[in-house]
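Overview (structure and organization)
These are the residues of each chain, in order.
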Amino acid sequence: MADDKRTQSLMDKVWNFFTSLKLAITVLIILAVSSIFGTIIEQNQPMEKYQQVYTDASVRIMDALNLFDMYHSWWFLLLLVLFTVNLSCCTIDRLPRVVKIVRNPKTTLDEGLEKSLGLVDRWKKKGALDAWVEKYAEAMGKEIGKPRVTRNSDIVHLYAESGVVSRFGVYVTHLSIVIIFIGAIVGNVFGYKGYANIPEGGSVRQIPTRGGTRPVDLDFEVRCNKFSLTFYNDKFGNPTQQPKEYASDLSIIENGREVLRKKIVVNDPLQYKGIWFYQSSYGPTGAATAQVAVVDPAGGPVTGLALAAGQKTALPGYGTITGVDYQPNFQGSGPALLVVLEKPGQPPAQVWLPQGKPDVDRKRNDRYFFSFGGLTQGFFTGLQVAKDPGVNVVWVGCTLMVIGIIIAFFMSHQRLWIRLAPSADGRVEIVLAGAASRNRLAFEKKFEKIQDDFKAVSA
Amino acid sequence: MLNVRLFDLTTLLFGAASVCYVAALYGKKDTIARVGTWICIIAAVTSTAAIGVRWAESYKMGIGRIPVTNLYESLVFFAWSVNLFYLFVEWKYRNRTFGAFVMPIAFITMVFAFTNESSIQPLVPALQSYWLHAHVITCFIGYAAFAVSAGVAVMYLLKAKREEAKSDGGVIGLFPPTKALDDLVYRSIIWGFPFLTAGIITGAAWANYAWGTYWSWDPKETWSLIVWLVYAAFLHARITRGWHGRRAAILSIVGFLATIMCYLGVNLVLSGLHSYGGS
């Protein structure tokens, strides 16, 4: 029926469109070019920030085109879908043909095949045909692989091949992309990304998620026992301002019991029940306090004080002490605290207390002397929290991709045919032909060598 | 520091090698080109030693780490890879004319490195990972292969133009035949592509281990994907008719420009996570 035929040809047209290499190249280039926009326009910023940078009209246009979050926009996702459909269709279209070639190789060198191959040579040898069949079968075995022998009345065909697997490299690579996308979708649907700020000594059970409306409830508790920050030392052993390590000592508490404890640093996360906790940021909780020991020169330590900056602290029977300044490297000898001492009826005295010299204040010959034990700062740790059940699928895809690319580019399906036939002059006519699926230039050289070697084979 | 002096010497050697190759091309003297090759070999030894010395010196400073963690170090590592990849190509193809188009890339890279801060700085916590090694090495081998491909693509375009004009003389007459150049443009890319792929994957694996996201569309990631897409387009275009030769050469050059954008442009122009320690 005419109607049927038209539908068929329309279907064919659609199919041809989706399986075409042209579409693949076009989609690759459109993806590449459109991706540039998102690297120039900062993504996912507050609207006010865009309004400062761009004019109102351009903000409206860019917003309409979803350019402020373009990698999640409908049109970019549509491009990715088109990309996936294209490579899936190509696979469905071509893979059966390749399987057929691999399963039923053309084992006879007939005239049609001979004409279609670029690498062909012929020569004649004296002697019995069967003896030459054996000789060349052996020679082929050394070069490519053990040949299959086909006899057609008095004509004998030899066929050998190597690197068949290279035919599948491209499909492994295409499949790997689909697998990576599946992994990404699984991660997006069943996983979440969140964050948690936990003060030292505190714990959380709920994780606010990015883009989510409700925080996720954990069935365990995460406690931050301690956050620590260390700096590199310079060549004299004094600390610099260059951070060396951010570390959080975390505990997982389940049913009131600590089930896991780990010190995490950047690049070394903690994982419990498929949920990962990453060291991400930190910050101070409240103001720092200075630890000052009060010592009686005759009788030893009296008390310890924690001084908040600028806050007068009373010392019964003495007066008041106030921490007024702190220097991380006072006169090149490390941290020191400046305190103001006030006694009733006396002018206030300012004294620097270096942390490295706890006894220096003794020489003031006062009733008490003071020594500075360092600053104490409470911190909170900032953790990224992620659950991604699709991530291992992504890694499977990535591994397959590398394997697929290596197979596709560095292996070649090499085929060699020989046809032996009795010639009119009583000799044996030998026709040699070869083909390679890749790296033809290198195979041409190999073929030349095979030509020379095979011609030189003697009875 | 000894390592910086060795790198400075490498810069001079790359410059001298470039001059030799270009002079050989114009003077049509293979002897000069041979001198160029020897200079490249000496430069390979010097720069390899410099990387080793820098590595050792970082340990002596008590901050031992692989020397590929800031802009200076990545530039010298890139130049080092280009030089080695080039020597491999010269040996494989037994043709020294490539040098005039590839070694200047290594030389310019080193001159640019020379203008950057060269002291050894300790690693910020974000970079303290074994993934760093795999990620940087794979990426830079890929970049080096793309650099060689683009250099050869320029040769192809010059040679093809000359052939069209049907004049065989001059400097360009000495180039390998267009068929060989076209093949080398392609071969370099099929070496670069798996390394770039592995570089992107190791970067994703590292990001996932450090931050919990393997892909966050940060400008560096996105540009590496753009580079990957351009070369993927190149590889698919090769199978279709009419995309050998000129168009393929142009795509290879476009791919290398995207590579430069990914490697340097993103850091110098855009913002993101790969700030190379702020330098």
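Residues numbered from 1 in each chain as written. Chains lettered and ligands numbered in written order. Predicted model: local features only at pLDDT ≥ 70, side-chain atom pairs only at ≥ 80, totals over all residues. Heavy atoms only, no water.

A closer look at the interface of chain B and chain A
Interfaces are often sized by the amount of accessible area the parts lose when they come together. Condition: Should any heavy atoms of two residues lie within 4.5 Å, those residues are counted as being in contact. A 1.4 Å probe defines the accessible area here, and the buried area is the portion of it lost by two parts on being joined, summed over both. Any pair of N or O atoms that falls within 3.5 Å is considered a polar contact. Within protein, one atom must be able to donate a hydrogen and the other to accept it, and sequence-neighbouring residues count only if both atoms are side-chain atoms. Strands here mean DSSP runs of E at least two residues long; helices mean DSSP runs of H or I at least four residues long; both are numbered from the N terminus. Classification convention: Asp, Glu, Lys, Arg as charged; Ala, Val, Leu, Ile, Met, Phe, Trp, Tyr, Cys, Pro as nonpolar; all other residues, Gly among them, as polar.
Taken together, the 47 residues of chain B in the interface contact 48 residues of chain A. Summed over both sides, the interface of chain B with chain A buries roughly 4000 Å², with 71% coming from carbon and sulfur. Along the contact surface separating chain B from chain A lie twelve residue pairs in polar contact (both at pLDDT 80 or more). Listing elements by their share of the side of chain B that touches chain A, those giving two or more residues are α6 (178-211) and α7 (219-239) of chain B. It is α6(B) that provides the largest number of residues to the side of chain B that touches chain A, a total of 17 residues. Across the side of chain B that touches chain A, the residue classes tally to 33 nonpolar, eleven polar and three charged.

What about unusual backbone geometry?
Residues and elements named next belong to chain A. Notably, N44 is not glycine yet its phi reads approximately 55°, a positive angle. Along the chain, N44 falls in the loop between α2 (21-40) and α3 (47-53). At N365, a residue that is not glycine, the phi angle is positive and equals roughly 55°. Mapped onto the secondary structure, N365 falls in the loop between β15 (349-354) and β16 (369-387).

Some words on the pairing of strand β7 (residues 239-254) of chain A
Residue and element names in this part refer to chain A. The test is simple: Strand pairing is defined by DSSP finding a minimum of two bridges between the two strands.
As defined by bridge partners, strand β6 (residues 216-233) adjoins β7 across eleven bridges and the pair is classed as antiparallel. In the strand pairing of β7, F227 is matched with S248. Linking two consecutive strands that pair antiparallel, namely β6 and β7, is a turn of five residues; a positive phi of about 90° is found at G237 within it. Hairpin connection, β7 to strand β8 (residues 257-265): the antiparallel pair is bridged by two residues, and N255 has positive phi, about 50°.

Quick notes on the nonpolar core
For the record, the criterion: The criterion is simple. A nonpolar core is a set of buried Ala, Val, Leu, Ile, Met, Phe, Trp, Tyr and Cys residues joined through side-chain atoms within 4.5 Å. Partly exposed describes any residue whose relative accessible area lies between the buried limit of under 20% and the exposed limit of over 50%, with all areas from a 1.4 Å probe on protein chains only and scaled to the type maximum.
By size, the foremost hydrophobic cluster in this structure holds 127 residues, and its most contacted members are B:F78 and B:W228. In this structure, A:L158, A:V428, A:A436 and A:F443 belong to the second largest nonpolar core, which totals 24 residues.

Section: the sheet that holds strand β2 (residues 148-152) of chain A
Residue and element names in this part refer to chain A. Note the following rule: Whenever a helix is involved, its axis is fitted only over the stretch in contact; in every case the axis is a line through C-alpha atoms, and angles between N-to-C directions fall within 0 to 180 degrees.
Pairing within the open sheet is antiparallel, and its five strands lie in the order β1-β18-β17-β3-β2. If you trace the sheet from one side to the other, it starts and ends with β1 (119-125) and β2, each paired once. Strand-to-strand twist in this sheet, taken as the mean axis angle between neighbours without regard to direction, amounts to 15°. Two strands pair when backbone bridges link them, and strand β3 (residues 155-162) and strand β17 (residues 414-422) are joined in this way by seven bridges, in the antiparallel orientation. Residue V156 lies in a different strand from β17, and its bridge partner there is L420.

Overview of the sheet that holds strand β5 (residues 203-207) of chain A
Residues and elements named next belong to chain A. The strand order β5-β6-β7-β8 describes an open sheet built from four strands, whose pairing is antiparallel. Unpaired on one side and paired on the other, β5 and β8 mark the two borders of the sheet. For this sheet, the mean angle separating the axes of adjacent strands, direction not counted, is 35°. Of the pairings in the sheet, the one linking β5 to β6 comprises four bridges and is antiparallel in character. Within the sheet, the bridge partner assigned to V204 lies in β6 and is V222.

Quick look at the packing of helix α3 (residues 71-93) of chain B against α6(B)
Residues and elements named next belong to chain B. The criterion, for reference: For classification, angles of less than 35 degrees are called roughly parallel, those exceeding 145 degrees roughly antiparallel, those between 65 and 115 degrees roughly perpendicular, and all remaining angles oblique. Rotating anticlockwise by less than a right angle from the far helix to the near helix defines a left-handed crossing, while the corresponding clockwise rotation defines a right-handed one.
The contact between α3 and α6 brings their axes to 13 Å, and the two run at 135°. On the basis of their axis angle, the class for α3 and α6 is oblique. Crossing hand, α3 versus α6: right-handed. Contact residues: F85, V89 and Y93 in α3; D183, L184, R187, S188 and W191 in α6. Of the residues in the contact of α3 with α6, the class split is five nonpolar, one polar and two charged.

A few points about the pairing of strand β18 (residues 428-436) of chain A
All names here are of chain A. Among the nine residues of β18, eight are classified as buried, and the element is accordingly described as predominantly covered. Bridge count for β1 against β18 is seven bridges, and the pairing is antiparallel. Paired with L119 across the bridge in β18 is G434. Sheet topology places β17 next to β18; nine bridges connect them, and they run antiparallel. The partner of R415 across the bridge, within β18, is A435. Count of turn residues in the β17/β18 antiparallel hairpin: five residues, of which G426 carries a positive phi of about 90°.

Topic: the side chain of B:S149
Residues and elements named next belong to chain B. Structurally, S149 is set in helix α5 (residues 131-164). A polar side-chain atom of S149 sits 3.0 Å from the main-chain carbonyl oxygen of V185. For S149, the contacting residues outside a window of four places in its chain are V185, S188, I189 and S252.

Let's talk about helix α7 (residues 129-143) of chain A
All names here are of chain A. Selection criterion: Between the first and last residue of a helix there are one fewer steps than residues, each counted as 1.5 Å, and that sum is the expected span. Working note: the arc is built from the helix axis to C-beta atom directions.
Given a rise of 1.5 Å per residue, 15 residues ought to cover 21 Å, and the 21 Å separating the end C-alpha atoms of α7 matches this to within 8%. Buried within α7 are the following residues: L129, W132, V133, Y136, A137, A139 and M140. Projected down its long axis, α7 shows its buried positions confined to an angular sector of 170°, all on one face. Set apart from the buried face of α7 by more than 90 degrees, the exposed residues are E134 and K142. Buried residues in α7 make contact with β1, β2, β3, β17, β18 and α10 (440-456).

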